Amino acid sequence: MPDRASPYWNEAAETRPEEEIRDLQMRKIRRQLAYCHEHSPYYREKFRQIGALPAEIRTWEDFRRLPVMLTPEQYKEQQEQSSAEDGHPYGRILCAPLREVIGVASTSGTTGRPTLTAFTRRDIDSTNEVLARAFWRIGIRPGDTVLHAFGLSMWVAGIPLVRALEAMGARPIAVGAEGGTERLLLFARLTRPSVLLCTPSFAEHLIERAPEVAGIEVGELGIQRIFCCGEPGAGLPEVRKKLANAWGAKIYDFAGGPWGISSVSCHHDDYQGMHLLSEDYCLHYDLIDPQTRAPMELSDGVIGAAVFTTYDWDAAPPVKFLLNDLNQIHTSPCPCGMPGKRRRILGRIDDLLIVKGINVYPAAIRNVVNGFVPRVTGEMRVVLHEPPPRVTTPLHIKIERGAGVADADLAELERQIGARIRDLLRFTPRIEFVAPATLARSTLKGKLIERMYQPS
Ligand SMILES: [Zn+2]
C-alpha cells in the first residue's frame, strides 16, 4: 500500500518512461498474440486470413500494420456462435478454460442480446489494480466511504468497481442505480460518504430530486468528489460547472472497467481529457482513419478511430478491436503536472463529417467553442443541409452567444472562433449566433447535429 500522501497507487507503473512503456508493450503484445492464436479458433482463423503468424510480429510497426481483427458486430457474432456450437456465451475469442471464468459482466450494449465480458481470477486482480490507480488519483484512500450508484445488475461499472474499491481498502456502499433516489439518499445520510460514483445525468437528477424526496440539498450531503462514467457529461464545461456548484464537489470523468482499461480526468479545473493509467495492460492510441482505415501517426491532438488491444488479459481478450469511439490523443504534458498521455472520447465514428476532404468531428468543434465560455454558453449545433458524411458548402455552425455579449462584439467573436477552428481543425465554418438558452438541452449525450435536409 502506498503512502497516503503519494499521488500514485503504483508509482513505478504510472510514471514509467516512454521507452520502457514501449518495450513492455511489445513484449506483452507478442505474448498475447501467441496466446490468442494458440487458444482461440476465432483468432487462429483471422491470422490465417491475414496470412501472418504471431511470431512474425516483432516490432511496433509490424503490430501497427496488422489490420482490424475484431469489430463490434464480429464481437457479437462470435459470442452467438460459441453459444450455438461451444456450449457457452463467452465467445470464440475465449482463450482461458471455461472453468477458470469466474467473473462475468455485460458491456453497455444498446438493444437486444447483451454482450458479455469474462474475467479469470488474474483478470479480476488486473482490473482491481488499474481501477485502484484511478480511485487513488481522484483522492480515494483506504477507509474512505464511497457511495456506489452505477447500475449493479451485470454492468461493468457495477460489481467490478465494488470489488476494486474493497480490494484497495475503501468502503463501498453499493446501493447501485436500481435502488432509486430515495434509497440512495437514505444510505448517503446514514453512511456519510465523501465520494459518489454515478453517471453525470444521475448526479444531475439528484440535484432536483433531493429536496423533494429527502428535504435536503445535495450540497449538504458532504460529497467531496464525484467519479462519473458511462456518459460524456463530466467532460463538458457546462455540466461540470453545474454539478460542481450544486454538490460542492470536484467532478472526475472516467472510462474503463473491462480488459485493463483505466483512464481518468485530473484535478485541473478545465477538462484536459482522461489520463491513461494502464498502458502496461492495454492500448488506446492505435488510431486509424475511420474512412480509409489507414494507420495514423501518433501526434499531439490526433483524432482517429481507436483500435483497441488488451495485452495482459486471460479470459477473452480483444485484439485489434475496432471500437466505435473516436479518440483524441494528447501527448503533450498536462498542465496538472501528472505524467502520461491523455485521451478524449469525441463521440462515435458515425458522427464523422468530411468537409472538403478533411475529417471533421462535431465533438471536436464543440471543444473549440467551449474554449470561448463565457462569451458563448458552450451549447452549439452543427447544421447539416445534406446527408453526411460529405459536406459540400461551408460547414454551418449555430453557437449560443453568452448572456453578456453586446451585438457590437459579435463580429470580433465570430472572427476569433473561426480562426481557432481553422487553426485546430483545418476548415472554415459559417458561424451563426443564436440567443442564450435557445438550443434545446435535450440530453447529456449532447445531440450536436441539426438536420435541415429531407431524409431519403
Ligand atoms: Zn492532467
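Structural data are supplied above this passage.
Residues numbered from 1 in each chain as written. Predicted model: local features only at pLDDT ≥ 70, side-chain atom pairs only at ≥ 80, totals over all residues. Heavy atoms only, no water.

Asks: What is the right way to look at the side chain of Arg64 in this model?
Replies: If you trace the backbone, Arg64 turns up in helix H4 (residues 60-65). Only 2.9 Å separates the side chain of Arg64 from the backbone oxygen of Leu287, close enough to count as a polar contact. The residues contacting Arg64, other than those within four sequence positions of it, are Asp286, Leu287, Pro295, Met296 and Lys320. (Helix = DSSP H or I, 4+ residues; strand = E, 2+ residues; numbered from the N terminus. Polar contact = N/O pair within 3.5 Å; in protein donor to acceptor, adjacent residues only side chain to side chain. Contact = heavy atoms within 4.5 Å.)

Asks: Would you explain the coordination of the zinc ion in this entry?
Replies: Every protein donor of the zinc ion is accounted for by Cys266 (SG), His275 (NE2), Cys334 (SG) and Cys336 (SG), and the metal-donor separations fall at 2.1 to 2.3 Å. Coordination geometry of the zinc ion: the 4 donor atoms subtend angles of 104 to 119 degrees at the metal centre, consistent with an arrangement described as tetrahedral. If you list the donors of the zinc ion from N- to C-terminus, the spacing comes out as C-x8-H-x58-C-x1-C. (Donors = N, O, S within 2.8 Å, 3.2 Å for Na, K, Ca; no water. Tetrahedral: all angles 85-135°; square planar, octahedral: opposite > 155°, others 65-115°.)

Asks: Explain the sheet that holds strand S16 (residues 358-360) to me, please; I cannot follow it from the model alone.
Replies: Strand pairing in a sheet relies on backbone hydrogen bonds, with the paired strands running either antiparallel or parallel. Read from one edge of the open sheet, 3 strands run S16-S15-S18, paired in mixed fashion. Among the strands making up the open sheet, the edge pair consists of S16 and strand S18 (390-391). As paired strands, strand S15 (residues 353-355) and S18 are joined by 2 bridges and run parallel to one another. Following the sheet pairing, Ile354 is matched in S18 by Arg390. (Pairing = 2+ DSSP bridges.)

Asks: Please explain the layout of surface pockets as it appears in this structure.
Replies: Over the atoms, a rolling probe the size of a water molecule traces out where space has been left empty. Here the second largest pocket is characterised by a volume of approximately 1200 Å³. Considering the residues around the second largest pocket, the lining is formed by 48 residues, among which Tyr271, Arg344, Asn367, Val368 and Asn370 are closest to the centre. Residue contributions to the lining of the second largest pocket peak at 5 residues, all from helix H10 (residues 237-247). For the lining of the second largest pocket, a count of residues per class yields 22 nonpolar, 15 polar and 11 charged. For the lining of the second largest pocket, the two domains that each supply at least three residues are domain 1 (1-348) and domain 2 (354-451). (1 Å grid on protein atoms, 1.4 Å probe; cavity = no way out; pocket = protein on both sides within 12 Å on 5 of 7 lines; lining within 4 Å. Points joined across faces, edges and corners; volume = space filled by probe spheres on them. Nonpolar A, V, L, I, M, F, W, Y, C, P; charged D, E, K, R; others polar. Domains from an automatic or database assignment.)

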